[in-house]
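Secondary and tertiary structure notes
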Amino acid sequence: MSLSERIKEAAQKVGGERSLAALVSASESQVYRYSRGANSPSVEALVEIAQAADVSLVWLATGEGVRDIEPAGETHARQEAVATQAVEIVIRIIIEVRHG
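What counts, and where the lines are drawn
Residues numbered from 1 in each chain as written. Predicted model: local features only at pLDDT ≥ 70, side-chain atom pairs only at ≥ 80, totals over all residues. Heavy atoms only, no water. Axes fitted to C-alpha atoms, helices over the stretch in contact; angles between N-to-C directions. Helix = DSSP H or I, 4+ residues; strand = E, 2+ residues; numbered from the N terminus. Left-handed = near helix turned anticlockwise from the far one by under 90°. Contact = heavy atoms within 4.5 Å. Nonpolar A, V, L, I, M, F, W, Y, C, P; charged D, E, K, R; others polar. Buried < 20%, exposed > 50% of the residue type's maximum accessible area, 1.4 Å probe, protein only. Arc of directions from axis to C-beta. Salt bridge = Lys/Arg side-chain N within 4 Å of Asp/Glu carboxyl O.

We now examine the packing of helix α1 (residues 3-13) against helix α4 (residues 43-53). Close contact between α1 and α4 brings their axes to 9 Å; oriented N to C, the two are set at 35 degrees. As α1 packs across α4, the resulting crossing turns out to be left-handed. Taking contact as the criterion, the partners of L3, I7, A10 and K13 in α1 are, on α4, L46, I49 and A53. Across the contact of α1 with α4, the residue classes tally to six nonpolar, no polar and one charged.

Let us now look at the environment of Q12. Along the chain, Q12 falls in helix α1. With 41 residues separating them along the chain, Q12 and A53 place their C-alpha atoms 8.6 Å apart.

Right, let's talk about helix α3 (residues 28-36) for a bit. Those residues of α3 that fall on the buried side of the exposure criterion are Q30, V31, Y34 and S35. The buried residues of α3 occupy an angular sector of 135 degrees when projected down its axis, which confines them to one face. As for α3, its buried residues are in contact with α1, α2 (17-23) and α4.

Before going further, it helps to examine the pattern of salt bridges. Opposite charge on two side chains allows them to pair when their charged atoms are near. Applying the stated criterion across every chain, the model contains five salt bridges. Here D68 ties to K13 by a salt bridge, and the two come within 2.8 Å at their closest N and O atoms. With D68 in the loop between α5 (57-62) and α6 (72-99) and K13 in helix α1, this pair connects stretches of sequence that are 55 residues apart. Of the charged contacts, one joins R18 and E28 as a salt bridge, the two residues approaching to 3.2 Å between their closest N and O atoms. Taken together, the residues R18 in helix α2 and E28 in helix α3 connect sequence positions ten residues apart. Residue E28 is classed as partly exposed on the basis of its relative accessible area, which comes to 30%.

Distances and angles like these do not, on their own, reveal function.
Structure (structure tokens):
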């Protein structure tokens, strides 16, 4: 996938090129040129696009790695769910050991 395709995909995450332009310091026409491959964004523009769309800067710039940045709240919620499951498993093991 090319850089322009990744920019277009990032734009789609926030509602399209127009929405992305409203979130970054680039004009709508500039964002359209990025997503068509007519212009290459600066490093600063790539950083802004990645932050606005919650995508990995590495993925956006190179196509490598994972696309989506997971919001901190979701990470915490998932860690809490895994910890709860682990506690439940430990409790089941203790009960099984005690009751033979």
